[in-house]
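Secondary and tertiary structure notes
Here are the chains, one letter per residue:
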Amino acid sequence: MSRTVYVNGHYIPEEKAKISIFDRGFLFADGVYEVTSVLNGKLIDFEGHAKRLERSLNELDMDHPVNTEELLSIHRELVSRNNIEEGLVYLQVTRGVADRDFAYPKSASPTLVMFTQAKPGLSNSPQAQTGIKVISIPDMRWDRRDIKTVQLLYPSMGKMMAKAKGADDAWMIEDGFVTEGTSNNAYIVKNSKIITRQVGHEILNGITRRAVLRFAAEQNIDIEERPFTIEEALEADEAFITSATTFVTPVIEIDGTVIGNGQPGSTATALRSIYLEESLKAAI
């Protein structure tokens, strides 16, 4: 049975969904996206994703296709029509359809597409129990990583580099310091203090990142927002990542070197539990 997807105001079977070859998302990666997790049939931190979407659109001088209330309604309708209990809702906004030209078109209407993915067991991922392995790679992306654009080829390459070395993901390095993972924010823990890169153009300000750091502060865990090196990470007591679909996931190995005792750390484990509990309470 095919999924129901959303394309520019219409709910249709996925096999009937079509986008013009002149859509600027296809021609120029001129688009932004968000991914909202679904647990127990409810949306996790929808408001945060909606606000970040608005920021991304504004940064690119792109029109908003729908308002926040309409966006929430579409999310809920897709979750309902596709019977999603655990999974995600993906949305993508592009500048729209116009003849190919580097300059932004003046009259194009934005394209909005959305779909769901069922992910049974999302909240109880085996990787959360075992931890993941990462490698370090050069960060070769463009400099506006704070905008959540669909320019994801290099992160995809990074994940493939990791798989080729028997790892799960990659942390990217710029000027000697870790920026972030291919699709997640990166953290280390040393002497009970969380260290993670400060928000700027170099990284995406993760919605899960903000929530986790807030919960950590409420637990009186020290937090230091600054760049850190791979060498620091290798000497850390523990490490972890956060994202909308991995929540809080421990990192147990970097570049073949075991972190701490090689087991998921207590800080990451506790924060994952708190994040899931509190996020489910606030889910809509």
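The paragraphs below set out a description of the structure included in this document.

Rules used throughout
Residues numbered from 1 in each chain as written. Predicted model: local features only at pLDDT ≥ 70, side-chain atom pairs only at ≥ 80, totals over all residues. Heavy atoms only, no water. Core = buried A, V, L, I, M, F, W, Y, C linked by side-chain atoms within 4.5 Å. Buried < 20%, exposed > 50% of the residue type's maximum accessible area, 1.4 Å probe, protein only. Helix = DSSP H or I, 4+ residues; strand = E, 2+ residues; numbered from the N terminus. Contact = heavy atoms within 4.5 Å. Expected span 1.5 Å × (residues − 1). Arc of directions from axis to C-beta. Pairing = 2+ DSSP bridges. Salt bridge = Lys/Arg side-chain N within 4 Å of Asp/Glu carboxyl O.

Turning to the nonpolar core, a few remarks are in order. Among the nonpolar cores identified, the biggest contains 22 residues, and Val32, Leu43, Leu53, Val93 and Met114 are the most heavily contacted of them. Listed by contribution, the elements that provide at least two residues to this core are strand 3 (31-39), helix 2 (46-59), helix 3 (68-81), strand 5 (86-94) and strand 6 (111-118). Per-element tally for this core: the top contributor is helix 3, with five residues. Once residues within four sequence positions are removed from consideration, Val93 is found in contact with Asp30, Gly31, Val32, Leu53, Leu57, Met62, Asp63, Pro65, Pro110, Thr111 and Leu112. By size, the runner-up hydrophobic cluster in this structure holds 20 residues, among which are Tyr187, Val189, Ile194 and Leu276.

The subject of this paragraph is helix 5 (residues 153-164). Helix length check: helix 5, at 12 residues, gives a terminal C-alpha distance of 17 Å against a target of 16 Å (1.5 Å per residue), a fit within 8%. Listed as buried for helix 5 are Tyr154, Pro155, Gly158 and Ala162. Mapping the buried residues of helix 5 onto a view down its axis gives an arc of 100 degrees, with all of them on the same face. Exposed and oriented more than 90 degrees from the buried face of helix 5 are Leu153, Met160, Lys163 and Ala164. Where helix 5 ends, the next residue or the one after it, Gly166, has phi of about 75 degrees, a positive value.

Let's shift gears to the pairing of strand 10 (residues 185-190). Burial analysis of strand 10 places five of its six residues in the buried class, the great majority of the element. Judged from the five bridges that link them, strand 10 and strand 13 (residues 238-243) form a sheet pairing that is antiparallel. Note that in strand 13 the partner of Ile188 across the bridge is Ala239. Where strand 10 lies against strand 11 (residues 193-196), four bridges are found, and the strand directions are antiparallel. Residue pairing in the sheet places Lys190 in a bridge with Lys193 of strand 11.

One pass over the full model with this rule turns up 22 salt bridges. Residue Glu34 pairs with Arg52 through a salt bridge whose shortest N-O separation is 2.8 Å. Taken together, the residues span a long stretch of sequence, with Glu34 in strand 3 and Arg52 in helix 2 at a distance of 18 residues. The same class applies to Glu34 and to Arg52, which are both buried. Two residues, Asp237 and Lys190, come together in a salt bridge whose shortest N-O distance is 4.0 Å. Of this pair, Asp237 sits in the loop between helix 7 (230-234) and strand 13 while Lys190 sits in strand 10, and the two are 47 residues apart along the sequence. Look at Lys190 and you get partly exposed, because its relative accessible area is 33%. What you see here is one network of salt bridges that share partners, running through Asp139, Arg141, Asp143, Arg145, Glu174 and Glu180.

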